[in-house]
Structures are given as C-alpha cells and as structure tokens.
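Observations on the model geometry
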Amino acid sequence: MTLDGAPAPLAAHPDLRALIEVMAECNDARVVRGESGRWELVGEPTEARCARSA
C-alpha cells in the first residue's frame, strides 16, 4: 500500500489495517497459484481486487 506515492505501513495506519482485515474476511474471492505457476484471482472481479489488496 502507498499513500501519496510513499509506502504506507499498516502499523502506522490502524484505520487502513482494519479496512483491509474486513475486506479479507467479507469476500469469497481468493488468490491461487495457477497451473502455469502464476498467481491468479478467482471470484468476482471487485472482490478479487479486494483480496489482492489484503
């Protein structure tokens, strides 16, 4: 995560950390390693994007 182009460590931003934790718990999407060895997003596009952020 970045804020204004600089790293935004979650330890310094508890509100952002809480938001990411909720996003991770409240969706059915997941990130999996595909047959090619690359990471793939599985699920609804919006939820998959949240999973990627988490």
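A short tour of the structure in this document, coming up.

Each value, and the rule that gives it
- Residues numbered from 1 in each chain as written.
- Predicted model: local features only at pLDDT ≥ 70, side-chain atom pairs only at ≥ 80, totals over all residues.
- Heavy atoms only, no water.
- Helix = DSSP H or I, 4+ residues; strand = E, 2+ residues; numbered from the N terminus.
- Buried < 20%, exposed > 50% of the residue type's maximum accessible area, 1.4 Å probe, protein only.
- Salt bridge = Lys/Arg side-chain N within 4 Å of Asp/Glu carboxyl O.
- Patch = residues over 30% accessible without salt bridge, like charges linked within 9 Å, V, L, I, M, F, W, Y side chains within 5 Å.
- Areas by Shrake-Rupley, 256 points an atom, 1.4 Å probe, with all protein chains shown as cover.

**Here we look at the environment of Val22**
Topologically, Val22 is positioned in helix 1 (residues 14-25). C-alpha of Val22 to C-alpha of Ala6: the two residues are 16 residues apart in sequence and 23 Å apart in space.

**Side note on the environment of Val32**
By the element assignment, Val32 lies in strand 3 (residues 30-33). For Val32, a relative accessible area of 27% puts it in the partly exposed group. Remark: the alpha-carbon pair of Val32 and Val42, spanning ten residues in sequence, is separated by 7.3 Å.

**Overview of the pattern of salt bridges**
Evaluated as defined, the whole model comprises one salt bridge. In this structure, the salt-bridge partner of Glu21 is Arg17, at a minimum N-O distance of 3.0 Å. A residue pair is termed a helical-turn pair when its members lie 3 or 4 positions apart in one helix, as Glu21 and Arg17 do in helix 1 at four residues. Note on Glu21: relative accessible area 40%, which makes it partly exposed. What makes Arg17 partly exposed here is its relative accessible area of 42%.

**Concerning a nonpolar patch on the surface**
A cluster of nonpolar side chains, Val31, Trp39 and Leu41, forms an exposed patch at the surface whose accessible area comes to about 310 Å². Residue placement: Leu41 occurs in strand 4 (residues 39-42).

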